[in-house]
Amino acid sequence: MADPKVVPIRQRAGAGKGSSRGSGADMLAAGAARASGERAKRRRTPLLTDASGDEIAPRPVLSAVDVRATDVHRPRPVPKPARAPAQKAAPSPVPATSKRVTPKTAKPSAPTAPGGSGIDDLVTVAVATMRRAAAASGLSGDEIERQVAATLAFVRRRLSGDYTVDDFGFDKDFTENVYLPLLRPLYKSWFRVEVRGIENIPSVGGALIVANHSGTIALDSLMTQVAVHDEHPSHRYLRMLGADLVFRTPVVGAVARKSGATLAANPDAERLLASGELAGVWPEGFKGVGKPFSERYKLQRFGRGGFVAAALRTGVPIVPCSIVGAEEIYPILGNLKTVARLVGAPYIPVTPTFPLLGPLGLIPLPSKWIIEFGAPVDTSVLGPAAADDPMVVFDLTDRVRETIQQTLYSLLLQRRSVFF
């Protein structure tokens, strides 16, 4: 009796013509073979075809080395940035005292006028340089700026010819704007000149200033000229009487003429004094300038008294002048007389710095100066005829010389130091 739960397997038509009925195992084997044949057929079916229907060749099988090579050049996935939150937090309020910092961005610079900024920079540098030079020379920035403006005006007048020169060659415009400004740094900052008795110089009319001479180079006469102009209330010009060697020297002679100097001769001195000018004379001459350091502040002979005769003829007062400090600027230790004769100079000094240091030896030592003007000697009471009396002339010359010598000794006792 057959089991109702078992479903009989029916044989297909024509499949089992050789046998009437197969066993269950044979039927299972046949089913497995059919199934495997279908799977093999599906594996042989191309999975990819091109547009024409032709089969695309399958990819070649890669070896282990090829797989590593492709892994090297295979692009790696880039992680995506995290999304910002949907709601942004409100910015915190900035305090009133703080400043918001914003990123700086490059902005195109505004076009400038050609040469404008360069000229402004040059002017700024020039002004700063002038102020530093003013501070070094003891002047304020405003003073030196005014001096620069005056110098520019002076150049304009020179180009236009708007200036005058007197019979002796004195150029007031040149003296005011070029000559004296060049000497003031030496006067104020280097030698720190102290002036006494400036009230003894008359404000108007002629007068003769007689001073001692020293210093190897005649800087004492130049400093006296600056002192008279700058310290006197009337800012008078000192017309110096110089030796002929000064006017025969190139450049120096022309500058001396323009600054008011003239030859130390009685006719020229009398003309200056008679016209109401203030004249200055250094009677020692080269004997005083070139004396050795061992004889410092010892006055040499005052010549023949020609300056006294000129003062007597014109009736002007004589103002003794004593200068302390000039002896130490170039201490003379020796004299090259042979070389001096060859070059036609009165002396060739040997100092602690010259000629050992060459051109640097020409820099004077910064000694402290004192210039004192003594009480004037009145000559008008003697009359012009006294100029022809040798005894009167010699007596007055010795009187002036002795006054200057005693004043020098007094100033040396008062001086604390050579350089301070």
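The structure under discussion appears in the preceding block.
Keep in mind that this is a model prediction, so the values were computed, not measured.

Trainee: Now, about the side chain of serine 221: what can you tell me, with residues and values included?
Mentor: The topology assignment puts serine 221 in helix 6 (residues 219-231). Contacts of serine 221, omitting those with residues within four sequence positions, involve Met240 and Trp282.

Trainee: Before we move on, can you summarise the pairing of strand 5 (residues 278-281) with the specific residues and values?
Mentor: With burial as the criterion, each face of strand 5 is covered, one bearing Leu278 and Gly280 and the other bearing Ala279 and Val281. Looking at chain direction, strand 2 (residues 207-211) and strand 5 are connected through four bridges and run parallel. Its bridge partner being in strand 5, leucine 208 is matched across the sheet by alanine 279. Judged from the three bridges that link them, strand 3 (residues 238-242) and strand 5 form a sheet pairing that is parallel. Looking across to strand 5, one finds that methionine 240 is bridged to glycine 280.

Trainee: Tell me about the sheet that holds strand 1 (residues 194-196), and name the residues and values.
Mentor: Spatially, 1-9-6-2-5-3-4 is the arrangement adopted by the seven strands of the open sheet, whose pairing is mixed. Of all strands in the sheet, those bounded by a partner on one side alone are strand 1 and strand 4 (262-263). The strands touched by helix 11 (residues 306-314) are strand 2, strand 5 and strand 6 (318-324); relative to strand 2, the strand with the most contacts, the crossing angle is about 165 degrees.

Trainee: I'd like to hear about the pattern of salt bridges, residue by residue, with values.
Mentor: Evaluation of the coordinates by the stated rule reveals twelve salt bridges. Salt-bridge contacts for arginine 239 lead to aspartate 166; the nearest nitrogen and oxygen are separated by 3.0 Å. Taken together, the residues arginine 239 in strand 3 and aspartate 166 in the loop between helix 4 (141-160) and helix 5 (172-190) connect sequence positions 73 residues apart. Taking the relative accessible area as the measure of exposure, arginine 239 reaches 2% and is therefore buried. Aspartate 166 sits in the partly exposed class, given a relative accessible area of 31%.

Trainee: How would you summarise the packing of helix 5 against helix 6 if you had to cite specific residues and measurements?
Mentor: Packing of helix 5 against helix 6 brings their axes to within 10 Å, and their N-to-C directions diverge by 105 degrees. The angle between helix 5 and helix 6 falls in the class roughly perpendicular. Contacts from Glu176, Tyr179, Leu180, Leu183, Arg184, Leu186 and Tyr187 of helix 5 reach helix 6 at Leu222, Met223, Gln225, Val226, Ala227, His229, Asp230 and Glu231. For the contact of helix 5 with helix 6, a count of residues per class yields nine nonpolar, two polar and four charged.

Trainee: Could you give me a rundown of a nonpolar patch on the surface, with the residues and numbers involved?
Mentor: Side chains of Trp190, Leu356, Leu357, Leu360 and Ile363 sit close together on the surface and give an oily, nonpolar patch of about 530 Å² of accessible area. As for its placement among the helices and strands, isoleucine 363 is situated in the loop between strand 8 (349-350) and strand 9 (370-373).

Trainee: Please provide a residue-by-residue account of the nonpolar core, values included.
Mentor: Counting 35 residues, the largest nonpolar core has Ile209, Ile323, Trp369 and Phe373 as the members making the most contacts within it. When residues of this core are traced back to their parent elements, those giving at least two are helix 5, strand 2, helix 6, strand 3, strand 6 and strand 9. Ranked by residue count, the leading element in this core is helix 6, at six residues. Ignoring any residue separated from it by four or fewer positions in sequence, one finds tryptophan 369 in contact with Phe191, Arg192, Val193, Glu194, Leu219, Asp220, Met223, Ile323, Val324, Gly325, Ala326 and Ile329. Within the second largest apolar cluster, 31 residues are counted, among which are Val308, Ala310, Val393 and Leu408.

Reading guide: rules and limits
- Sequence order as written defines the numbering, with residues in each chain counted from 1.
- Selection of residues for local features in this predicted model requires a pLDDT of at least 70, selection of side-chain atom pairs for listing and counting requires 80 or more, and totals for whole chains, interfaces and linings are taken over all residues.
- Only hydrogens and water are set aside; all other atoms, that is, all heavy atoms of the structure, feed into the side-chain values.
- Comment: elements are numbered from the N terminus, with helices defined as DSSP H or I runs of at least four residues and strands as E runs of at least two.
- Should any heavy atoms of two residues lie within 4.5 Å, those residues are considered in contact.
- Burial classes follow relative accessibility: with a 1.4 Å probe on protein chains only, a residue under 20% of its type's maximum area counts as buried, one over 50% as exposed, and anything between as partly exposed.
- Whether two strands pair comes down to DSSP finding at least two bridges between them.
- Every axis in this analysis is a line fitted to C-alpha atoms, fitted for helices over the stretch in contact. Angles between the N-to-C directions lie between 0 and 180 degrees.
- By salt bridge we mean one thing: a side-chain nitrogen of Lys or Arg within 4 Å of a carboxyl oxygen of Asp or Glu.
- Angle categories are assigned with fixed cut-offs, so that under 35 degrees is roughly parallel, over 145 is roughly antiparallel, 65 to 115 is roughly perpendicular, and the rest are oblique.
- Under the scheme applied, nonpolar residues are Ala, Val, Leu, Ile, Met, Phe, Trp, Tyr, Cys and Pro; charged residues are Asp, Glu, Lys and Arg; polar residues are all the others, including Gly.
- For patches, a residue must show more than 30% relative accessible area and have no salt bridge; joins then use 9 Å for like charges and 5 Å for nonpolar side chains, namely Val, Leu, Ile, Met, Phe, Trp and Tyr.
- Here the Shrake-Rupley method, with its probe set to 1.4 Å, supplies the accessible areas, and only the displayed protein chains count as covering residues.
- Take the buried residues of types Ala, Val, Leu, Ile, Met, Phe, Trp, Tyr and Cys, join any two whose side-chain atoms come within 4.5 Å, and each joined set is a nonpolar core.

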